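For reference, the chains in residue letters:
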Amino acid sequence: MGTEPNGLGPGRLALRRLRRNRSALAFGVLFMVIVALCVAAPIWSHHFAHIGPTAGDNLSQVTVDGKKKDVVSPDGVPIGPTWQGRYFLGAADGNGKDLAVRLLYGGRNSLLIGVGAALITTVVALILGILAGFLRGAVDGVISRMMDIVWAFPVILLGIALGTAFALGGVNLGVLTIGQDSKWVPILIIAIVYVPYMGRPIRGQVLGLREREFVEAARAQGMRPLRLMFSEILPNLSSTVIVFFPLMVANAILLEAALGFVGVGVRPPEPSWGTLIGVGVERIQTGPHLAIVPGVMLVLAVLGLNVFGDGVRDAFDPRSTIREER
């Protein structure tokens, strides 16, 4: 008779499930490729396009099929894709900005804002969720009502309202001052908006964990509430955080694109996928590539993160339908 396999912990079992989910891994690789391309934006800008993300050159010409062609036509129509290093995806607007360069730099901004907002959301949601679920009573009531207020507003409408308010004068909290053109403005807006979407599930899980035997044993040994929350409860929330984080990043990138599209996200002349789509929609008839290219990049990035996040969720779900085989 064969020997029984050694016992595996939940983490290793989850990794085994994830390795067998090839579609999730494929989309995760797709997202990492997009990240790598955006990180390499300065290389493309310096060595191939020879133009920066905010620089315009509407008076120059490029060679297309052996013929010289204006980057921007006399009536203001930007050139389409040239499939060469310079203006590889065409000009981004009537000022002759390179769309490929702005697409990659815009991706850097969108990814930076998405990851930064998701990190802040995760930290704040963990703190509020643990405090509300463990202490209960008045603390739970105050925190839960605050999250309910944010939860009651549609995400995009609340984001636009906060973005418009912060765009008028920035953020001034005395010890903290953020200019209206800073990328911290959309990061903070998105982080605030999504706190209830992560904080409420964490609170519910903490309510169950605080009644578990290992917490009662630690309390009986004289462990103080603060130490109980962050040494006993917090480690048991790691799988929840791992599952939520990629989904939070995807949602944050989408919301940033929506804010940029309506003009309350990344401020010009800095690019982002949302601002590029907004500019492209204005020229959808004369230059459809201006909206299609950043739209496709946004869809691929969000799709890759969502499918990978679903795979991570299935991997950490003990009721997953993925078979375990040696």
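Above: the structure in question.
Residues numbered from 1 in each chain as written. Predicted model: local features only at pLDDT ≥ 70, side-chain atom pairs only at ≥ 80, totals over all residues. Heavy atoms only, no water.

## Digging into the packing of helix α8 (residues 213-220) against helix α9 (residues 225-233)
Between α8 and α9, the shortest axis-to-axis distance is 11 Å and the interhelical angle comes to 140 degrees. Relative to α9, α8 is oriented oblique. Crossing geometry of α8 relative to α9 is assigned as right-handed. Touching F214, V215, A218 and R219 of α8 are L228, E232 and I233, all from α9. Taken together, the residues that form the contact of α8 with α9 break down as five nonpolar, no polar and two charged. (Axes fitted to C-alpha atoms, helices over the stretch in contact; angles between N-to-C directions. Helix = DSSP H or I, 4+ residues; strand = E, 2+ residues; numbered from the N terminus. Parallel < 35°, antiparallel > 145°, perpendicular 65-115°, else oblique. Left-handed = near helix turned anticlockwise from the far one by under 90°. Contact = heavy atoms within 4.5 Å. Nonpolar A, V, L, I, M, F, W, Y, C, P; charged D, E, K, R; others polar.)

## Describing the layout of surface pockets
By volume, the largest pocket is sized at about 280 Å³. If you go around the largest pocket, you meet 14 residues; those closest to its centre are P10, G11, N236, S239 and F316. Where the lining of the largest pocket is concerned, the elements lending two or more residues are α1 (10-20), α7 (184-209), α10 (238-262) and α12 (289-316). Ranked by residues supplied to the lining of the largest pocket, first place goes to α1 with five residues. Here the lining of the largest pocket is composed, by residue class, of eight nonpolar, five polar and one charged. (1 Å grid on protein atoms, 1.4 Å probe; cavity = no way out; pocket = protein on both sides within 12 Å on 5 of 7 lines; lining within 4 Å. Points joined across faces, edges and corners; volume = space filled by probe spheres on them.)

## Overview of the packing of aromatic side chains
Counted according to the given criterion, the structure contains five aromatic pairs. On the basis of an interplanar angle of 90 degrees and a centroid distance of 5.6 Å, the ring pair of W83 and F88 is categorised as edge-to-face. Taking the centre distance of 5.6 Å and the plane angle of 70 degrees together, the rings of Y194 and Y197 count as edge-to-face. Highlighted residues: Y194 and Y197, both in helix α7, separated by three residues, approximately one helical turn. Given a relative accessible area of 9%, Y194 falls into the buried group. Joined through ring pairs, the aromatic side chains of W44, F48, W83 and F88 make up one cluster. Its guanidinium or amino end placed over the ring of W151, R200 lies 4.5 Å from that ring's centre, counting from NZ or CZ. (Phe/Tyr/Trp six-rings, centres within 6.5 Å; stacked < 30°, edge-to-face > 60°. Buried < 20%, exposed > 50% of the residue type's maximum accessible area, 1.4 Å probe, protein only. Lys NZ or Arg CZ within 6 Å of the ring centre and 35° of its normal.)

## Details of the pattern of salt bridges
Under the criterion given, the structure shown has 11 salt bridges. We note a salt bridge from R145 to D148, for which the minimum N-O separation is 2.8 Å. Of this pair, R145 and D148 both sit in helix α5 (residues 137-152), separated by three residues, roughly a single helical turn. Judged by its relative accessible area of 49%, R145 is partly exposed. K183 is paired through a salt bridge with E270; the nearest N and O atoms lie 3.9 Å apart. (Salt bridge = Lys/Arg side-chain N within 4 Å of Asp/Glu carboxyl O.)

## Things to note about unusual backbone geometry
Here the amide bond leading from P268 into P269 is cis, since omega sits at 5 degrees, within 30 degrees of zero. With respect to the helices and strands, P269 occurs in the loop between α10 and α11 (273-282). Even without being a glycine, R136 presents a positive backbone phi close to 55 degrees. Examined against the element boundaries, R136 turns out to sit in the loop between α4 (99-135) and α5.

## Digging into the pairing of strand β2 (residues 67-70)
The pairing of strand β1 (residues 61-64) with β2 spans four bridges and is antiparallel. Looking at the pairing, Q61 lines up with D70 of β2. Between β1 and the antiparallel strand that follows it, β2, lie two residues; D65 among them carries a positive phi value of about 55 degrees. (Pairing = 2+ DSSP bridges.)

## Describing the side chain of T275
The topology assignment puts T275 in helix α11. A polar contact of 2.8 Å, which involves the side chain of T275, links it to the backbone nitrogen of S272. In contact with T275, not counting residues within four places along its chain, are G260, F261, V266 and E270. (Polar contact = N/O pair within 3.5 Å; in protein donor to acceptor, adjacent residues only side chain to side chain.)

## Topic: the nonpolar core
Core analysis: the biggest nonpolar cluster contains 59 residues, and I190, L237, I253 and W273 have the highest contact counts within it. Contacts of I253, omitting those with residues within four sequence positions, involve S110, L111, G114, W273, L298, V302 and L305. In this structure, A41, A49, V62 and V72 belong to the second largest nonpolar core, which totals 12 residues. (Core = buried A, V, L, I, M, F, W, Y, C linked by side-chain atoms within 4.5 Å.)

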